[in-house]
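Structural description and commentary
Residue strings, one per chain:
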Amino acid sequence: MSDCLFCKIINGDIPSNKAYEDEKCYAFHDINPQAPVHVLVIPKIHLSSVNDICEENANVVAHIFSVIPKIAKELNLENGYRVVTNIGEDGRQSVKHLHFHILGGKNLTEFMA
Ligand code: AMP
Ligand code: ZN
């Protein structure tokens, strides 16, 4: 998607602070961190949100979740962390390319909403 911010980050058209990369996904530090550690993990294929996940592409999401523990370990989050994904307007999704927030580096608040 040529007008997608995160596709541009994957292509290197917009700079980012890389945390991890492989053939299927890319992870980078959030520009406006909400916790001491705030990393976004995104698929290299453009999916708009969780609502775009289907049988044919679910392997990419499974792969991302297999990689998240490795990224968390790399980021010294052995005491725990949170994985969040926002969907649509009510979910306050601001970038329409599927992404999983990894939040940690402190004892997070209990609030989910
Ligand atoms: P969401 O609100 O779930 O769509 O999350 C989008 C996230 O992308 C927010 O936490 C933003 O701070 C982050 N973000 C937006 N632009 C950039 C960028 N250029 N580099 C890194 N993170 C970004
Ligand atoms: Zn995209």
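Residues numbered from 1 in each chain as written. Chains lettered and ligands numbered in written order. Predicted model: local features only at pLDDT ≥ 70, side-chain atom pairs only at ≥ 80, totals over all residues. Heavy atoms only, no water.

1. A look at the pairing of strand β3 (residues 37-43)
- The buried fraction of β3 is high, at 7 of 7 residues.
- Side chains of β3 alternate between two faces, with V37, V39, V41 and P43 and H38, L40 and I42 buried alike.
- Summarising the sheet, strand β2 (residues 25-29) and β3 pair through 5 bridges and their orientation is antiparallel. Looking at the pairing, A27 lines up with V41 of β3.
- Pairing analysis gives 5 bridges linking β3 to strand β5 (residues 100-104), with the strands arranged antiparallel. Bridge pairing in β5 links H38 to L103. (Buried < 20%, exposed > 50% of the residue type's maximum accessible area, 1.4 Å probe, protein only. Helix = DSSP H or I, 4+ residues; strand = E, 2+ residues; numbered from the N terminus. Pairing = 2+ DSSP bridges.)

2. Quick word on a nonpolar patch on the surface
- Nonpolar side chains collect at one region of the surface, where F65, Y81 and V83 lie side by side and expose about 240 Å² of accessible area between them.
- The topology assignment puts Y81 in strand β4 (residues 81-84).
- Residue classification places Y81 among the partly exposed positions, given a relative accessible area of 33%. (Patch = residues over 30% accessible without salt bridge, like charges linked within 9 Å, V, L, I, M, F, W, Y side chains within 5 Å. Areas by Shrake-Rupley, 256 points an atom, 1.4 Å probe, with all protein chains shown as cover. Salt bridge = Lys/Arg side-chain N within 4 Å of Asp/Glu carboxyl O.)

3. Here we look at the site of ligand 1
- Around ligand 1 sit 16 residues in total, of which D30, N86, S94, H99 and H101 are the nearest.
- Contact between ligand 1 and D30: an oxygen atom at 2.5 Å from a side-chain N or O atom of the residue.
- Take S94: an N or O atom from its main chain is 2.7 Å from an oxygen atom of ligand 1.
- Bound to the protein, ligand 1 loses 83% of the 500 Å² it would expose on its own.
- Those elements that provide at least two residues to the shell around ligand 1 are α1 (5-11) and β2.
- Sorting elements by how many residues they give to the shell around ligand 1 places α1 first, with 3 residues.
- Grouping the constituent residues of the shell around ligand 1 by class yields 7 nonpolar, 7 polar and 2 charged. (Near = heavy atom within 4 Å. Polar contact = N/O pair within 3.5 Å; in protein donor to acceptor, adjacent residues only side chain to side chain. Nonpolar A, V, L, I, M, F, W, Y, C, P; charged D, E, K, R; others polar.)

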